[in-house]
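# Survey of secondary and tertiary structure
Spelled out from the first residue to the last, the chains are:
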Amino acid sequence: MNAEVLESLTRLADTLSKLDERHCIIDGDGTEDVITKATAAMSLSSQQSTSSPNEDKQTIGYWRSLPTEVTAAYQILADGAEYIHATSTKYALVGKVDSHEGGNLAFELQKGAQLIGTGTLLLFSPECGSSRSLRHYVKQSSRAVISSLLSLVRAYEDGSAQGTPNDGNNLGAQKTGAVWSACDSLKLKLPKGNRAAMRRELMIWVRDCKESIEEFEEMMALGPRDDGEGDEEEQYSESEMKIARAAVNIMKCSKNILGLVLNLCECVGESLNESQIGDERNKELLQLITNMHEVARRIGEGVTNFGVMLYPPLDSSTNEVDFERWQSIKASKTSLLDGEVNIPSLGSTSLGLQLERQLHALADCVLSIKKSELTTATGEPIQTCYSEEVKDALKKLLQAIPLRCEDSVVAVTSWCC
């Protein structure tokens, strides 16, 4: 019986791993039956989640107020976690001395896993209107529960956790503790709704920026290395110092723009009238929040991408393939930037290309906020809902980006020449 449950849990774990958090599961991919039948969550190995043909247009369905479908999905997840938490204790105690009775309890664990799978798939459905951030955290939490459950059942199936009472073999208790931890994390730490999930991601990106800034400022504080005696692994050369300083300044600008997006989403969210479900103006404002968060994702992940290149000694070799690819992508950005912020070319080194991409992402973000032509629920320009903090930050950042561009050109020229 343990073997049968183990096989079912493995299929479910494989299905959850294949869920693409970038998109909802859409009509026509065969998952409708899964969502309506809890038991089907255990036999999804042949199902495939299908991406939307126009993923950029996917919009969150709500901001703060959780729809009924979302509340129901969270309750299913909580019920599954509670059931697994309670049953795993009995399973570990009984399974150690009686494999047959333990096998019967394994089927009870399977019921809890079915609920976890169903709740996850519900939150991936278009009807729930989940953000990419929420889908990410739901997938992460549900996979952790199923993975710990797999490990527990496997330990009793292969006999490594079995024995007699007080024989000193506490492997079953350890595996059960991991199940408890995963269930508690799902119940207590999984963000509730789009606003909580999207804000958590934004704050993580801000934190990562702050930590990277502190780390590289400590390196720069060591001063330039003496090429004859300095430690290449910890210090920059004189020319590297300039590009490192320019990169850290871009990190600081990135952190401030992420903070701007965090505050902007709150302002736009406050202007929503979420009681009017399906209202076109609400949909436009929710699309704005979605778009701003995706640009923020580019910025947050971009800091990591060029941060890993900043450890001395810096690599100044060119990357022609990446350079050509970036040129074709960059050509499509001209209309958006509209010449208002002139992003310079920073050469063909991997670091230069990554810094240039980051500057484009920063410009895209602030100009999108400045030029938005949307209106609030009362018909006023969207800019009227911006707080003074948002307006002040936007003004300063519009002035800061050209300065970061100038710094970068000087630094890259000095470094590469």
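Shown above is the structure to which this text applies.
Reference entry: report on the structure contained in this document. (Residues numbered from 1 in each chain as written. Predicted model: local features only at pLDDT ≥ 70, side-chain atom pairs only at ≥ 80, totals over all residues. Heavy atoms only, no water.)

### A word on the overall build of the protein chain
In terms of helices and strands, the protein chain carries 13 helices and 0 strands. Helices and strands in the protein chain line up, N terminus first, as α-α-α-α-α-α-α-α-α-α-α-α-α. Here the protein chain, with 417 residues, has 47% of them falling under the buried criterion. Excluding contacts between residues fewer than 6 apart, the proportion of contacts in the protein chain whose partners are at least 24 apart in sequence is 81%. Of the roughly 19200 Å² of accessible surface on the protein chain, 50% is carried by carbon and sulfur atoms. (Helix = DSSP H or I, 4+ residues; strand = E, 2+ residues; numbered from the N terminus. Buried < 20%, exposed > 50% of the residue type's maximum accessible area, 1.4 Å probe, protein only. Contact = heavy atoms within 4.5 Å. Areas by Shrake-Rupley, 256 points an atom, 1.4 Å probe, with all protein chains shown as cover.)

### Focus on a negative patch on the surface
On the surface, a cluster of negative charge is made up of Glu211, Glu214, Glu215 and Glu218. Positionally, glutamate 214 belongs in helix α7 (residues 193-221). Judged by its relative accessible area of 40%, glutamate 214 is partly exposed. (Patch = residues over 30% accessible without salt bridge, like charges linked within 9 Å, V, L, I, M, F, W, Y side chains within 5 Å. Salt bridge = Lys/Arg side-chain N within 4 Å of Asp/Glu carboxyl O. Lys, Arg positive; Asp, Glu negative; His and termini not counted. Charge placed at Lys NZ, Arg CZ, Asp CG, Glu CD.)

### So, the environment of glutamine 110
As for its position among the elements, glutamine 110 is in helix α4 (residues 99-123). A sequence separation of 27 residues divides glutamine 110 from tyrosine 83, and the C-alpha atoms of the two residues are 9.8 Å apart.

### Here we look at the packing of aromatic side chains
Under the defined criterion, the tally for this structure stands at 2 aromatic pairs. Ring geometry for phenylalanine 216 against tyrosine 311: centres 5.1 Å apart, planes inclined by 55°, an arrangement best described as tilted. Separated by 95 residues along the polypeptide, phenylalanine 216 in helix α7 and tyrosine 311 in the loop between α9 (280-307) and α10 (320-331) bring together distant segments of the chain. Using a relative accessible area of 36% as the deciding quantity, one classes tyrosine 311 as partly exposed. One cation-aromatic arrangement involves arginine 200 over tyrosine 137; the distance from NZ or CZ to the ring centre is 5.2 Å. (Phe/Tyr/Trp six-rings, centres within 6.5 Å; stacked < 30°, edge-to-face > 60°. Lys NZ or Arg CZ within 6 Å of the ring centre and 35° of its normal.)

### Focus on the side chain of serine 125
Its place among the elements puts serine 125 in the loop between α4 and α5 (132-157). Residue classification places serine 125 among the buried positions, given a relative accessible area of 2%. One polar contact links the side chain of serine 125 to the main-chain carbonyl oxygen of leucine 122, over a distance of 2.5 Å. (Polar contact = N/O pair within 3.5 Å; in protein donor to acceptor, adjacent residues only side chain to side chain.)

### Description of the pattern of salt bridges
According to the stated counting rule, one finds 24 salt bridges in the structure shown. A salt bridge links glutamate 294 to arginine 132; the shortest N-O distance between them is 3.2 Å. Of the two residues, glutamate 294 is situated in helix α9 and arginine 132 in helix α5; the sequence distance between them amounts to 162 residues. Given a relative accessible area of 24%, arginine 132 falls into the partly exposed group. The partner of arginine 297 in a salt bridge is glutamate 201, with the nearest N and O atoms 3.0 Å apart. Highlighted residues: arginine 297 in helix α9 and glutamate 201 in helix α7, separated in sequence by 96 residues.

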